[in-house]
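Spelled out, the chains give:
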Amino acid sequence: MAVSRLASWAVTAPVAAFPAVGADAADRVCDLATDPSLTLARSPRHASVLLVAGQLRDADASALCRLHDQLPHPRATLVWGGGSPVPGSASVALEDDPRPALCDLARGLFRGERDSEPDLLANEPPNPWRGLGDFGQGGQGMMGGTPYGRMMPMPPQADLRDGLMLDAYTATVGPFLPTLPPGLVLEVTWQGDIIQSARLVRVPFEPPRDAAAPFHRALSEPGSISVLERIRAANHLRCLAHVLELLELHRLARRCRRTAVQAITGETIDVARLMRAVRRSGALAAAPPGLGRLPEEVAAEIGGVARRAGGKPVDVRARQREYADLGFEPITHAGGDVRARLLQWMEEAEQAVKLAEHARLRERVRFAHAVESPWGPLPATGHYEPSETGFDFTDLLVGCEWLEAMLVVASFDVAALARMTPRSPDPGLGEP
Amino acid sequence: MTAAFTLVGLLLLLALGVWSAAVCDRVALVGAGRGVIAHPLRQAVLLLAQQQNETERPDWLNWKLAPPLYLALAAAGLSVVPLAPGAVLADVDAGIVLWGAVEALTVVVVFLHGWSANSQLALIAAYRYVAIGLPVMLVSMFVLIAAALPAESLAISAIVESQRAGWNILGQPLGFVLFLLLGLSLSFRGPFNYADSSDVAGGTATEISGAHRLTWEIARLAILVAFAAMAAAVFLGGYLGPLLPGPLWVFLKTLAVLALMVAATHAFVRLPPARMLTLLWVAGLPLAFVHLAIVGLEVLG
Amino acid sequence: MTGLDLLLAIFGVAAIASGVQVFRTDSMVRASFLLLLSFIAVGVMMLLLSAPYLGMATIFMMAVEMMVMALFMVAFMMNPAGLNPMMMVHQHRFSIGAGAFAFVGLAVFVLVADFPRNAVDPEQPAIRALGHELLGGSMLIFETAGVTLLAAMVGAVILSSRNGRYGAADEGSRPPGLEPGGEPAGRVPEAGGGHHHHHH
């Protein structure tokens, strides 16, 4: 029959899944994106399956319910890793491959074998309506606001760019917006597309545990330089891939992700060629010079890539004899802005792959006091605490246009973002 | 009779062009795998099986009407392209001006699509697109006028005929490069994707799904095909060429321009809107003026 | 009544109807685009009356202008979405009167005037004739004037924007004092920025 023939065609299309990324799952979702039989959608409206990956926080439950209801019918939820407040149609452990389950769900949905999931929330507007007429324009006055209180939108301040006063619009973005790090929730006030102010509501999830574990272990027992450097290269490549996605270079982003997967599995990879392709596309020209410049004292506190991108050649590896034997020199760039951090990621990834190849599996290193992880110095307590300077990264976003703001946020890894939060005790910040 | 053949030929060109552009996009992104030729059909069926979603209080008329209007504009743009000497569906004397109207109305339609969804990210995308789309349209009009100068007529068929002496791409290479920017902007792809971009979670398409989304994506590819046919006619000589019949040359040249567009989509970065605006107004428009002046002097002298 | 007359009547009514809707809608963006619809209807009527260049040029120019007008209306009315419903009309009694008067006057003129009935040769190059009629021998002057106007407009916007070339524009633009080193002469702008009209 025509319907079943059509349905069988729909089933062979790549499965469109929207990832709701939780703790310890960011790397796995990034690796999943390299599979051509799967499309990770940019908007929940474009997806058929909601993929809840990793452990979510209690505070994220309401956002997840709203996200779930935004998927068009027929829809299903796959819980990957067991930490979801929303019960899904199927669940897979975090260590396993979710792709067979995704295909099964999609096939069931489109063949009619499986019912579409019903709405989790009631279909009502969140605020009760008070006013005359369909849009409240039935009251007195120009805005129809008397006596029901609809005021003329008066902007609080002039637009930071050219003095044009636009209505201020405040909304909360995150925790599942694909352009932001997973778990980050910001309350943003826009005038047009310029961010007038941003407030941190919830910090992003920390770096995945299984990627950070070898670096923790290297403090107590000798670890293989090759493995450590490959994890570093993979992390930098994944961060770079995220930035390239923002800049609409999807093919290059895909190549970066595939290279990151190959770096972890230990195959020989040619990062230098990939970096040349990134440079040729003009990706570095996209960040205006001086965008997201980090003050020196904050960079000193954060350490890692952000500090070296500000011009300070501070790297724990420089003090290790094993690295010096391999000819290691810390890379630095001047400027401390988005462009410098991107270049830092690119060149450190190249350097890390070269070190891994020279070291092979024989060389081992044990770090004495501190370890240079891909996210800077590892914290003593195991959690990334706000820095002593009390610097808030949302200050860097004020006055930025939306794409520039996303670039600023994406140019920091999640550990740096967790460090650049205010110290005031805000309930809800960083709760597990 | 000729009109019927031309209509069928143009519809075939549109269908084939949309299909090959979708296949080229898929190949450029994930490489040529098994079943890539049928990929557009599979995606289309998947989208048809999905529900068309709603937002809270959108402007229904504009929202639902925008994709068909976009498709209609693509059809209007394609209707002035000649398939053979005398085989033009709409042989207007001012074909270039019709293209100008198509470009301007495209900006309007994309803006309405983003605005009427009543969604913040879609709105930002719509406004950004207008800011970039209008200067690109200006650049393209100067380039088209320069291409019309050797023909001394604004009709596309006359421009094609004037290329018997030599294709316009040889005499006006800068014009061809500037004109390609228009193609990227009309269907907002790659470096000019300010409307449906990944940094605003899909832009004007962030709230659409199902048949609505399918129509929108087909319309995007259709306007790209219309642009490619126009570029083939104005710069690559249209139906002129040895051995093969005219319409086949039009098909081949259109497909060549489409492949070039898909390659350009994935090759260059999308700059922040402020930087792109600076680039267009400071570099693009003056270049277009200079190009027009040079061509004018050549034609006069 | 031929098919052409019928089409002309339909598009004429569409132009008037969408023009009326401009004032009855409740959103700035919808008002701008309803006006565009009205102009498109007029453009199509010109196409039907065998003035293809004028018709398409009208549609082209009006599309760009209405798009920019929608942007500016929304920007200066401080409402980025334009979806905020508001009463769009002021002084409507006077405007309706003036509009009706103009309509009656023009209608009388159209019905009473004696338009020429010469048949025009369809092969005549209409665009060339139009060009010669409008611009004559001054084509180059018009072209350079157009580019100069564009440069002047862009320059005016840049000069008046807040981020001047050498720093914020409103910081440097204070007149010198009457005594050397004294207070700047002239009106001191209010601190609040001047938006004190409250509409409710």
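Computed from a prediction, not measured in an experiment: that's the story for all the values here.

As a further point, take the overall build of chain C. For chain C, the count of helices and strands is seven helices and two strands. Across chain C, helices and strands are ordered from the amino to the carboxyl terminus as α-α-α-α-α-α-β-β-α. Buried positions account for 22% of the 200 residues belonging to chain C. Long-range contacts, defined here as pairs at least 24 residues apart, represent 53% of the contacts in chain C between residues at least 6 apart. When the accessible area of chain C is evaluated, it comes to approximately 14,200 Å², of which 69% is carbon and sulfur surface.

Each partner contributes to the interface: chain C provides 26 residues, whereas chain B provides 27 residues. Regarding the contact of chain C and chain B, the summed buried area is about 2,200 Å², with carbon and sulfur atoms giving 85% of it. Between Arg30(C) and Asp59(B) there is a salt bridge, with the nearest N and O atoms lying 2.7 Å from each other. At the boundary of chain C with chain B, the tally comes to one residue pair in polar contact (both at pLDDT 80 or more). Going through the elements one at a time, helix H2 (28-48), helix H3 (52-76), helix H5 (126-135) and helix H6 (139-160) of chain C are the ones with two or more residues in the side of chain C that touches chain B. Taken together, the residues that form the side of chain C that touches chain B break down as 22 nonpolar, two polar and two charged.

Contacts between the two partners involve 47 residues from chain B, matched on the other side by 48 residues from chain A. Counting the surface lost from both chain B and chain A, the interface buries some 4,000 Å², and carbon and sulfur atoms represent 59% of this. Looking at the side of chain B facing chain A, the largest losses of area belong to Arg42(B), Ser198(B) and Val269(B), adding up to 14% of the total buried there. Counting across the interface, chain B meets chain A through three salt bridges. Here Glu401(A) makes a salt bridge to Arg128(B), at a shortest N to O gap of 3.4 Å. The tally of links between chain B and chain A comes to 16 residue pairs in polar contact (both at pLDDT 80 or more). For the side of chain B that touches chain A, the secondary structure elements donating two or more residues are helix H1 (2-30), helix H2 (39-49), helix H5 (120-148), helix H10 (246-267) and helix H11 (273-300) of chain B. Among the elements that make up the side of chain B that touches chain A, the one with the highest residue count is H2(B) (seven residues). Taken together, the residues of the side of chain B that touches chain A sort by class into 21 nonpolar, 14 polar and twelve charged.

Let us now look at the sheet that holds strand E2 (residues 38-40) of chain A. Residues and elements named next belong to chain A. Ordered in space as E2-E1-E3-E4-E5, the five strands form an open sheet in which the pairing is parallel. One side of each edge strand has no neighbouring strand; the edge strands of this open sheet are E2 and strand E5 (90-92). Ignoring strand direction, the axes of neighbouring strands in this sheet form an average angle of 30°. Of the pairings in the sheet, the one linking strand E4 (residues 76-83) to E5 comprises three bridges and is parallel in character. By the bridge assignment, Leu78 is partnered in E5 with Ala90. Contacting strand E1 (15-21), strand E3 (49-55) and E4, helix H3 (residues 61-70) crosses the sheet at an angle of about 160° to E3. Against the sheet, helix H4 (residues 99-111) touches E1, E2, E3, E4 and E5, its axis set at about 155° to E4.

Here we come to the side chain of Glu229(A). Residues and elements named next belong to chain A. In this structure, Glu229 sits in helix H6 (residues 225-246). In terms of polar contacts, Glu229 uses its side chain to reach the side chain of Tyr323, at 2.6 Å. Apart from the residues lying within four places of it in its own chain, the contact partners of Glu229 are Arg317, Tyr323, Ala352, Leu355 and Ala356.

A word on the pattern of salt bridges. Residue and element names in this part refer to chain A. Using the criterion set out here, one finds 32 salt bridges over all chains in the structure. The salt bridge involving Arg238 is made with Asp31; its shortest N-O contact spans 3.1 Å. With Arg238 in helix H6 and Asp31 in helix H2 (residues 26-32), the pair connects residues that are 207 residues apart, well separated along the chain. Judged by relative accessible area, Arg238 falls into the buried class, the value being 11%. The salt bridge partner of Asp60 is Arg57, with a shortest N-O separation of 3.1 Å. An identical accessibility class is assigned to Asp60 and Arg57; each is buried. Salt bridges sharing partners connect three or more residues here, namely Glu229, Arg232, Arg308, Asp315, Arg317, Glu348 and Glu372.

Below, the discussion takes up the nonpolar core. General note: in soluble globular proteins, nonpolar side chains tend to be found buried as a group. Among the nonpolar cores identified, the biggest contains 189 residues, and Leu294(A) and Phe227(B) are the most heavily contacted of them. With 21 residues, H5(B) is the largest single contributor of residues to this core. Excluding residues that lie within four positions of it along the chain, Phe227(B) makes contacts with Trp99(B), Phe179(B), Leu180(B), Leu182(B), Gly183(B), Leu186(B), Val257(B) and Met261(B). By size, the runner-up hydrophobic cluster in this structure holds 21 residues, among which are Ala211(A), Val316(A), Leu355(A) and Ala418(A).

Once that is clear, we can look at the packing of helix H8 (residues 271-280) of chain A against helix H12 (residues 338-359) of chain A. Residues and elements named next belong to chain A. Interaxial distance between H8 and H12 falls to 9 Å at its minimum, and their mutual angle equals 165°. Here H8 lies roughly antiparallel to H12, going by the angle between them. Seen from above, H8 lies across H12 with left-handed handedness. Mapping the contact onto sequence places Val271, Ala272, Met275, Val278 and Arg279 in H8 and Leu343, Met346, Glu347, Ala349, Glu350 and Val353 in H12. A per-class count over the contact of H8 with H12 returns eight nonpolar, no polar and three charged.

The rules behind each value
- Residues numbered from 1 in each chain as written.
- Chains lettered and ligands numbered in written order.
- Predicted model: local features only at pLDDT ≥ 70, side-chain atom pairs only at ≥ 80, totals over all residues.
- Heavy atoms only, no water.
- Helix = DSSP H or I, 4+ residues; strand = E, 2+ residues; numbered from the N terminus.
- Buried < 20%, exposed > 50% of the residue type's maximum accessible area, 1.4 Å probe, protein only.
- Contact = heavy atoms within 4.5 Å.
- Areas by Shrake-Rupley, 256 points an atom, 1.4 Å probe, with all protein chains shown as cover.
- Buried area = accessible area lost by both parts, 1.4 Å probe.
- Salt bridge = Lys/Arg side-chain N within 4 Å of Asp/Glu carboxyl O.
- Polar contact = N/O pair within 3.5 Å; in protein donor to acceptor, adjacent residues only side chain to side chain.
- Nonpolar A, V, L, I, M, F, W, Y, C, P; charged D, E, K, R; others polar.
- Pairing = 2+ DSSP bridges.
- Axes fitted to C-alpha atoms, helices over the stretch in contact; angles between N-to-C directions.
- Core = buried A, V, L, I, M, F, W, Y, C linked by side-chain atoms within 4.5 Å.
- Parallel < 35°, antiparallel > 145°, perpendicular 65-115°, else oblique.
- Left-handed = near helix turned anticlockwise from the far one by under 90°.

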